[in-house]
Amino acid sequence: MPQDNVITIDGPAASGKSTIAQKVADKLGGFYISTGNMYRAITLHAMNSNIDLSSDIFPDRIDKILEKLDLSYSKNADGKLSLMMNGKTADSAIRSPEVAKHVSKIASMENVRAWLIGRQRELASLGTIVMEGRDIGTVIFPDAKYKFFLTASPEVRARRRLAQSGETPEGATVASVAGEIAARDEMDIKRTIAPLKKADDAIFIDSSDMNVEEVVGLIVAHIKGS
Ligand code: CDP
């Protein structure tokens, strides 16, 4: 039986998944969940625990710090979900360029993904969820009824990321941002566990020449029409 309360949106870095997923969730009266922010929160927690992420990371050190991390979502008064790290709302630090630089290395670790899989799956008990990431349609919810794979050209993605304040370093250019996201995509595509990949049954959307409302309209029409 397909899981008809779950909508999955996967795709490469800065493809617009979070903006689109939030709006689709609003239209359907469901919850928006960014799994990238969960990997980013673990990355920030590792940095705050003085783990040097620029050299080899020992899995048992990560196991140790995961024991000290309580990662969950709580419902706000406005009905949206907030990611909580040890009882506090995760702030913009998880979206910093420094975290972005290291997150794909953390996300390639088997123990990190194993730690998150149950936490991500259990969110389906909330009701309708729109979950975005890299492996949501392939690994987390392979039985989801509605799956989308969202992409855009590298240049469009770099421009979109540059427009998001605080997510790129001072002095960043389209070329430097394109380089950063290409490096992250390469790691995400090439890793052995849960790589970035379109699920066979996902609908492919290239949003290079589409605005936000067009993409949201396409996804919602598909869900309502099926
Ligand atoms: O927003 P952006 O496209 O930059 O990335 P994100 O969705 O915040 O994800 C950050 C990183 O987390 C990705 O580059 C992946 O390395 C990792 N990730 C993952 O491995 N699996 C997911 N389901 C979601 C994110």
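Residues numbered from 1 in each chain as written. Predicted model: local features only at pLDDT ≥ 70, side-chain atom pairs only at ≥ 80, totals over all residues. Heavy atoms only, no water.

A. Structural context of the packing of helix α2 (residues 35–48) against helix α5 (residues 110–121). Where α2 contacts α5, the axes come no closer than 11 Å and their chain directions differ by 135°. Put simply, α2 runs oblique to α5. Crossing hand, α2 versus α5: right-handed. Of the residues in α5, those in contact with T35, M38, Y39 and I42 of α2 are V112, R113, W115, L116, R119 and Q120. A per-class count over the contact of α2 with α5 returns 6 nonpolar, 2 polar and 2 charged. (Axes fitted to C-alpha atoms, helices over the stretch in contact; angles between N-to-C directions. Helix = DSSP H or I, 4+ residues; strand = E, 2+ residues; numbered from the N terminus. Parallel < 35°, antiparallel > 145°, perpendicular 65-115°, else oblique. Left-handed = near helix turned anticlockwise from the far one by under 90°. Contact = heavy atoms within 4.5 Å. Nonpolar A, V, L, I, M, F, W, Y, C, P; charged D, E, K, R; others polar.)

B. Structural detail: the pattern of salt bridges. A full pass over the atoms with the stated rule returns 12 salt bridges. Between R157 and D185 there is a salt bridge whose closest N-O contact spans 2.9 Å. Remark: D185 occurs in helix α8 (residues 174–190) and R157 occurs in helix α7 (residues 154–162); sequence separation between them is 28 residues. Residue D185 is classed as buried on the basis of its relative accessible area of 7%. (Salt bridge = Lys/Arg side-chain N within 4 Å of Asp/Glu carboxyl O. Buried < 20%, exposed > 50% of the residue type's maximum accessible area, 1.4 Å probe, protein only.)

C. Layout of the packing of aromatic side chains. According to the stated counting rule, one finds 1 aromatic pair in the structure shown. Aromatic side chains F149 and F204 sit 6.2 Å apart centroid to centroid with 10° between the ring planes, which places their arrangement in the stacked category. With F149 in strand β7 (residues 144–151) and F204 in strand β8 (residues 203–206), the pair connects residues that are 55 residues apart, well separated along the chain. F149 sits in the buried class, given a relative accessible area of 9%. Over the aromatic face of W115 sits the side chain of R119, whose NZ or CZ is 3.6 Å from the ring centroid. (Phe/Tyr/Trp six-rings, centres within 6.5 Å; stacked < 30°, edge-to-face > 60°. Lys NZ or Arg CZ within 6 Å of the ring centre and 35° of its normal.)

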